[in-house]
Structures are given as structure tokens and as C-alpha cells.
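Listed below, chain by chain, are the residues.
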Amino acid sequence: MTPFTFNTTPSIVFEPEASARLGALAGRRLGPSILFVTDPGLRRLGLCEPALASLEAEGGKPAVFDAVEADPSRATLMKAVEAGRAAGATGVVGFGGGSSLDVAKLAALLLGSGEDLDQAWGVAQAKGPRLPLVLVPTTAGTGSEVTPVSIITVGDDEKRGVSSPVILPDIAVLDAALTLGLPPAITAATGVDAMVHAIEAYASRSPNNNPLSKMLARQALRLLGANIEKAVFEGGDIEARGAMLLGSMLAGQAFANSPVAAVHALAYPIGGTFHVPHGLSNALVLPHVLRFNAPDAAHLYAEIAADAFPHLSREDGDQGRCAAFIEELAGLSKRLGMQTRLAEVGIGADDLAGMAADAMKQTRLLVNNPRPVTETDALAIYKAAL
Ligand SMILES: [Zn+2]
């Protein structure tokens, strides 16, 4: 018997237009004064308005903080906390992509407990209690609404994380209607990121890899694999959008408890140094990392290949099915119109050694990889991806 622990968001609402009933769904939990954390783009598009109106209709007073940027900084987080304090916040709503949700999680923590952020970095260091917290994702990819993690940029380029079940929200509200207008490039990159979460969670060597994560990863791949092309090319299809939102949440639940590995570790230097979006960074190294892992993980990839791509059930043997799975993933990025070579995002041969050294710093991720990765291996993987 292998012991494990599984934590997730206790209440999940999956319903088109649910954000327009946010007040009825969550108003009582949030209390009268609500810090509403979002980004300027969503505010301009008017996507927040139905949620804000419904909070007001239930007697809430939302204070909107709409200054969250991509890869949010510590300064932004502290401004959000300040806004919450000024408003006497009794609850926090995070509304947006992974960045807004990450800021909302830590704002709820710092407002609720008054603890020092510098004592909270790392795994299980955050103490709480936090303020009541409701997260409403507007992209389908990060799964942040069900992960106990928040990533903040400190100083120029350093990303630091808080990982603690304390920052899992009380309620996640999944409203697929909010994702209908996402442009194809973002839909593709975030969708592939969600697939990577499921693949890496399934094959993770984490001692906490567990039957729930494996089951969730497989169902995530079924939903994501069957719907990603439709969501990219027919963005107005609410069924496909709903499947992507649900699939990315299931993948989030999987990797929140069976963490991701070398694809993410090697993607970080691409995102950090060259400011390539997270999902695209993952897609660029995905087939190359899986090929590297295949000697140790072919049987695992073979198990999930037909979940993502049903026709692969016809492939015989672990090796054949694994190889076909990797080719399908590489082909998928191309079909979705994503860049597929590091050179296409401005990375040159001279950059690779530094990136490999950087990737080795992601020890918390690399320990979960099914095959040990050395710096020489990382460099070879980048070379293959150039
Ligand atoms: Zn990711």
C-alpha cells in the first residue's frame, strides 16, 4: 500500500455564465467588503461587470484592483494587499488568468494572517488563516483555481513560489463563457500547457503520485485532446471551451498533488529570460523532453497515449505507442499554429549553455522527472529543440 495525501478546492461550480451569479454563489462566504483582483485587459473588455454587479446585488461592496500584469511582481502583490487593507476587505475574488489568481491567493493570505511574505516562500511555510477566497479563471490552462501554488516575480527576474494548501480557494467558479473570446494563440498555448500538466503528473516520480491524480490526468487528456483544435479554430464553440476549462482544471488537480517535472523545469529559462509565454515555452521543449524520458517512461506514456489521441490505441507495444504519442504531440503544436523551434522565439545556439545551467536550478521539479536529468542532458535537449 502506498500512502498519499490529496488536497483540492472543496467547492467547484462548472456552469456557463456562472460568473454573472457570483454574488449568489459566493457573496455570503466573501462578506460585505470584497477585494476583486483582475487585470486591466479584462476590465476594459467588460468581462468583470456581470460578476461585480451580482456581488453588489447581494449587498457586497467590491473594491477593484485591476493592475495585475503577466508574471506579477511582488510590488503588484503588495499594492493589491494595500487596496484590500484600505477597503477593510472581508474576502477576496481572483478573476482572470493565472497571474490574477496567483495575486489573489497571496493577497487573501497576507490580509488574513498578516504574516510576512518572506516567511511564506517555499513548501508548507504559509500559515494562514487567509481571508475567504473565490477564484474565477478566464483562461483554460494553469489550473491555478485548484493548485496550492502562487508564483511571484521578485527583483528583476527571480520567480519565487508559495506552495501551501492554505491558499487553495474556498470556491472555484468555472464559467466557460468567459473564455469564448480568447485569441487562438493563447487558447493553443494554454491548452498545450494543460496537457503537459496531465502528462507530467501521470508520469511524475513524486512519492505522492497517487491514483486520484492518475485518474484525473487521464480524463483531462481525453477532454483536452478531443477539444483543443476546435477551441483554437472555432473559438465560439461553448462545448469545446467548456471541455478545455474542465480539462485544465482536472489536470490542475492532478499536478497539484503529483507535481510536474522536466518539461516545466526546462521551460522556465525560456520564459524567464526570453519572455516567452509559459504554455509556449512548455510546448517548445515537450517532444524533446519526452523523447529523452522514453527509455524510463515509455510504458507510462503508452498508457495515456490513446486518451489524448484515440487512434493510437491501434499502435502495438509500449515503444511504438510512446513514439507515436510524442510525434502526435509535436504535430499538434504545428497544427495549432504554434512556433515549434527555439530559434523562432529568438533563442540562439549561444544561449543554450546558460539555459541548461539555469534549468538545473529547478531541483524541486527535476526530482519528479521519470529519468534523471544532468546539465549535459538539458543542453542536448535544448540543442534538439533549437
Ligand atoms: Zn504549466
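Residues numbered from 1 in each chain as written. Predicted model: local features only at pLDDT ≥ 70, side-chain atom pairs only at ≥ 80, totals over all residues. Heavy atoms only, no water.

Caption draft 1: A look at the pattern of salt bridges. Scanning the entire structure with this criterion turns up 16 salt bridges. The shortest N-O distance in the salt bridge between Glu49 and Arg43 comes to 3.6 Å. Residue Arg43 is classed as partly exposed on the basis of its relative accessible area of 30%. Measuring nitrogen to oxygen at the nearest pair gives 2.9 Å for the salt bridge that ties Asp358 to Lys361. A single network of salt bridges, built from pairs that share partners, joins Arg29, Arg130 and Asp170. (Salt bridge = Lys/Arg side-chain N within 4 Å of Asp/Glu carboxyl O. Buried < 20%, exposed > 50% of the residue type's maximum accessible area, 1.4 Å probe, protein only.)

Caption draft 2: Representation of the coordination of the zinc ion in the model. Around the zinc ion, the protein contributes the donor atoms Asp193 (OD), His197 (NE2), His264 (NE2) and His278 (NE2), which lie 2.1 to 2.2 Å from the metal centre. Because the angles between the 4 donor atoms bound to the zinc ion fall within 90 to 161°, the donor set is best described as irregular. The motif formed by the donor residues of the zinc ion, counted along the single chain, is D-x3-H-x66-H-x13-H. Linking Asp193 in helix H7 (residues 184-203) with His264 in helix H10 (residues 262-274), this pair joins segments that are 71 residues apart in sequence. (Donors = N, O, S within 2.8 Å, 3.2 Å for Na, K, Ca; no water. Tetrahedral: all angles 85-135°; square planar, octahedral: opposite > 155°, others 65-115°. Helix = DSSP H or I, 4+ residues; strand = E, 2+ residues; numbered from the N terminus.)

Caption draft 3: Spatial organisation of helix H5 (residues 98-113). Along its 16 residues, H5 runs 23 Å from first to last C-alpha, staying within 8% of the 22 Å computed at 1.5 Å per residue. Among the 16 residues in H5, 13 count as buried, and that is most of the element. Following H5 by one or two positions, Gly114 adopts a phi angle in the positive range, close to 65°. (Expected span 1.5 Å × (residues − 1).)

Caption draft 4: Quick look at a nonpolar patch on the surface. A cluster of nonpolar side chains, Phe4, Leu212 and Met215, forms an exposed patch at the surface whose accessible area comes to about 260 Å². Topologically, Met215 is positioned in helix H8 (residues 211-233). (Patch = residues over 30% accessible without salt bridge, like charges linked within 9 Å, V, L, I, M, F, W, Y side chains within 5 Å. Areas by Shrake-Rupley, 256 points an atom, 1.4 Å probe, with all protein chains shown as cover.)

Caption draft 5: Structural view of the sheet that holds strand E3 (residues 61-65). Reading across from one edge, E1-E9-E6-E4-E2-E3 is the order of the 6 strands in this open sheet, with parallel pairing throughout. In the strand order of this sheet, the two ends are held by strand E1 (11-14) and E3, each with one partner. Taking the axes of each pair of neighbouring strands and ignoring which way they run, one obtains an average angle of 20° across the sheet. Here 5 bridges tie strand E4 (residues 91-96) to strand E6 (residues 133-137), and the two strands are oriented parallel to one another. Its bridge partner being in E6, Val92 is matched across the sheet by Leu133. In the packing of H5 onto the sheet, the strands contacted are strand E2 (33-37), E4 and E6, and the crossing angle to E4 comes to about 170°. Packing of helix H9 (residues 238-257) onto the sheet brings it into contact with E1, E6 and strand E9 (171-174), and relative to E1 it is tilted by some 165°. (Pairing = 2+ DSSP bridges. Axes fitted to C-alpha atoms, helices over the stretch in contact; angles between N-to-C directions. Contact = heavy atoms within 4.5 Å.)

Caption draft 6: Representation of the sheet that holds strand E7 (residues 149-154). Read from one edge to the other, the open sheet built from 3 strands follows the order E5-E8-E7, with strand pairing classed as mixed. Two strands close off the open sheet at either side, each with one partner strand: strand E5 (122-123) and E7. Both E7 and strand E8 (residues 158-163) contribute to a ladder of 6 bridges, which runs antiparallel. Each residue of the ladder has a partner; that of Ser150, found in E8, is Val162. Its contacts with the sheet place H5 against E7 and E8, and it is angled at close to 95° to E7.

Caption draft 7: Structural context of the environment of Val154. Looking at the element boundaries, Val154 is found in strand E7. Take Val154: its relative accessible area is 12%, and that puts it in the buried class. Remark: the alpha-carbon pair of Val154 and His275, spanning 121 residues in sequence, is separated by 15 Å. Residues in contact with Val154, not counting those within four places in the same chain, are Arg74, Trp121 and Arg160.

Caption draft 8: Main features of the packing of helix H13 (residues 352-359) against helix H15 (residues 375-385). The geometry of H13 relative to H15 is characterised by a closest axis approach of 8 Å and an angle of 130° between their N-to-C directions. Considered as vectors, H13 and H15 are oriented oblique to each other. The way H13 lies across H15 gives a crossing that is right-handed. Residues Leu352, Ala353, Met355, Ala356, Ala357 and Ala359 of H13 lie in contact with H15, whose contacting residues are Glu375, Ala378, Leu379, Tyr382 and Lys383. Its residues assigned to classes, the contact of H13 with H15 comprises 9 nonpolar, no polar and 2 charged. (Parallel < 35°, antiparallel > 145°, perpendicular 65-115°, else oblique. Left-handed = near helix turned anticlockwise from the far one by under 90°. Nonpolar A, V, L, I, M, F, W, Y, C, P; charged D, E, K, R; others polar.)

Caption draft 9: Spatial organisation of the nonpolar core. Judged by nonpolar contacts, the single largest core of 82 residues is most densely connected at Met195, Leu266, Ile270, Leu290, Phe325, Leu342 and Tyr382. Looking at this core, the element that brings in the most residues is helix H11 (residues 278-308), giving 16 residues. Leaving out residues up to four positions away in the same chain, Met195 has contacts with Leu221, Leu224, Gly225, Ile228, Ala308, Phe309, Leu329 and Leu332. Counting 29 residues, the second-largest nonpolar core is a separate cluster that includes Val37, Val103, Leu117 and Val154. (Core = buried A, V, L, I, M, F, W, Y, C linked by side-chain atoms within 4.5 Å.)

These values are about where atoms sit, not about what they do.
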